[in-house]
Amino acid sequence: MNSGLVMYDEEFRAVTGVCEHLCRDANANVVFLVDKNGQLITSSGRAKGELDTTSLASLTAGNVAAMGGLAKLIGEKEFPTQFHEGERESLHMSIVAGRVVLVVVFDARSSLGLVRLRVKKASEEIGRVLEVVAKRQASTGGQSPFAEITDEDIDNLFSE
Amino acid sequence: MSFINYSSREINCKIVYYGPGLCGKTTNLQYVYAKTNPESKGKMISLATETERTLFFDFLPLALGEIRGFKTRFHLYTVPGQVFYDASRKLILKGVDGVVFVADSQEERVDANLESVENLRGNLAEQGYDLDKLPYVIQYNKRDLPSAIPLAELRRDLNPRGVPDFEAVAPAGKGVFETLKAVAKQVLIELKKGG
Ligand SMILES: Nc1nc2c(ncn2[C@@H]2O[C@H](COP(=O)(O)OP(=O)(O)OP(=O)(O)O)[C@@H](O)[C@H]2O)c(=O)[nH]1
Ligand SMILES: [Mg+2]
């Protein structure tokens, strides 16, 4: 089985910090980071409480997966960025390090040009954190960070 | 593919319900949704056709409780069962941690079940997964219908390896949570092993 993404406090805080900066610097309403399988990694901006970020994450991943499938059909590797313009709010998605998707929701207070510019810098920073995560995961050689749980713990979850 | 976040102390896992068209995958999720406390579930998303056939996927996020201070969250997905949606099925399988195969017990669906298991095996293999090594449970659904074939026959055809399996009547909830718990448990055991 593929080993999943494991993030420690420091790494999590680093990517969250990048998203917060991006949200501010790009004048965005919401920024969130999703892994390609639809798990929300972190979010900042209006997301807190007001938006259903779990649904957003899953639909983002579905969308990116579908666009990736379309790309392959026409002979492209993937579409690294997507932009959708709404009446009031717009959405910018970009694939970072081949593994996660950075989503920015913005309105007329910002612009596509500004968002693109800030996303580029943020992507590089997130890419660096993900590299650290990948290296650490490779060096712990698939050893579960979760090995300390017992069968009993698992049974207890289902006892009620 | 699971996501473990030590910072927020969360584990997220992905479970996919697979099976032939109209076997009852969406109905399983609808029942789970209907019977779960509001605080343990998120919104259920169904990307479906106008005739309620799954077009891309159904999605239901579920919190099962805590293990050693970690919140365990399961993301349940269904695939579209209709044969021509194969490209979409492949996408949904990406990053899967555990699979539920929902079989249709009716006599006229024997071939459809077999084709769907083969399709599952092939689509997993394309992504480097081996069905025999993945957390996997089987549900024999529609046990209430008169044309349902005997359990022994379904077992012989669909479960040669003897994975956990359950009889079900999904709209009435029979077997639904048993199936979900069995796969969730296997996923957690696999996670502990550090797959
Ligand atoms: N009698 C009976 N009907 C069932 C049972 N499970 C599902 N159904 C019905 O079968 C029909 C199809 O169920 P769905 O859950 O939409 O099937 P699906 O597997 O999601 O189908 P696709 O989305 O096309 O792949 C619905 O009308 C359900 O009410 C069952 O156990 N018994
Ligand atoms: Mg369906």
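Asks: Could you clarify how one ought to interpret the coordination of the magnesium ion (ligand 2) in this entry?
Replies: The textbook angles at a metal center are 109.5 degrees for a tetrahedron of four donors and 90 or 180 degrees for an octahedron of six. Residues and elements named next belong to chain B. Around the magnesium ion (ligand 2), the protein contributes the donor atoms Thr 26 (OG1) and Thr 54 (OG1), which lie 2.0 Å from the metal centre. Here Thr 54 lies in strand β4 (residues 54–67) and Thr 26 lies in helix α1 (residues 25–34), a separation of 28 residues in the sequence. Taking the relative accessible area as the measure of exposure, Thr 54 reaches 9% and is therefore buried.

Asks: Teacher, can you tell me more about the pairing of strand β5 (residues 90–96) of chain A here?
Replies: Moving residue by residue along a regular strand, the side chains alternate between the two faces of the sheet. All names here are of chain A. With six of its seven residues buried, β5 lies for the most part within the structure. Across five bridges, the pairing between strand β4 (residues 81–85) and β5 is antiparallel. Bridging from a neighbouring strand, Glu 85 pairs with Ser 90 of β5. Here β4 folds back onto β5, and the loop between the two strands holds four residues. By the bridge criterion, seven bridges tie β5 to strand β6 (residues 100–106) in an arrangement that is antiparallel. Among the inter-strand pairings, Ser 90 is bridged to a residue of β6, identified as Phe 106. Hairpin connection, β5 to β6: the antiparallel pair is bridged by three residues, and Ala 97 has positive phi, about 55°.

Asks: Before we go on, may I ask you to explain empty space enclosed by the protein in this structure?
Replies: All names here are of chain B. Within this structure, the stated rule accounts for one cavity of 30 Å³ or more. Empty space within the largest cavity amounts to approximately 30 Å³. The wall of the largest cavity is formed by Val 110, Asn 113, Leu 114, Ile 149, Leu 154, Asp 157 and Leu 158. When contributions to the lining of the largest cavity are tallied by element, the ones reaching two or more residues are α3 (110–126) and α4 (151–158). In terms of residue class, the lining of the largest cavity is built from five nonpolar, one polar and one charged.

About the thresholds
- Residues numbered from 1 in each chain as written.
- Chains lettered and ligands numbered in written order.
- Predicted model: local features only at pLDDT ≥ 70, side-chain atom pairs only at ≥ 80, totals over all residues.
- Heavy atoms only, no water.
- Donors = N, O, S within 2.8 Å, 3.2 Å for Na, K, Ca; no water.
- Helix = DSSP H or I, 4+ residues; strand = E, 2+ residues; numbered from the N terminus.
- Buried < 20%, exposed > 50% of the residue type's maximum accessible area, 1.4 Å probe, protein only.
- Pairing = 2+ DSSP bridges.
- 1 Å grid on protein atoms, 1.4 Å probe; cavity = no way out; pocket = protein on both sides within 12 Å on 5 of 7 lines; lining within 4 Å.
- Points joined across faces, edges and corners; volume = space filled by probe spheres on them.
- Nonpolar A, V, L, I, M, F, W, Y, C, P; charged D, E, K, R; others polar.

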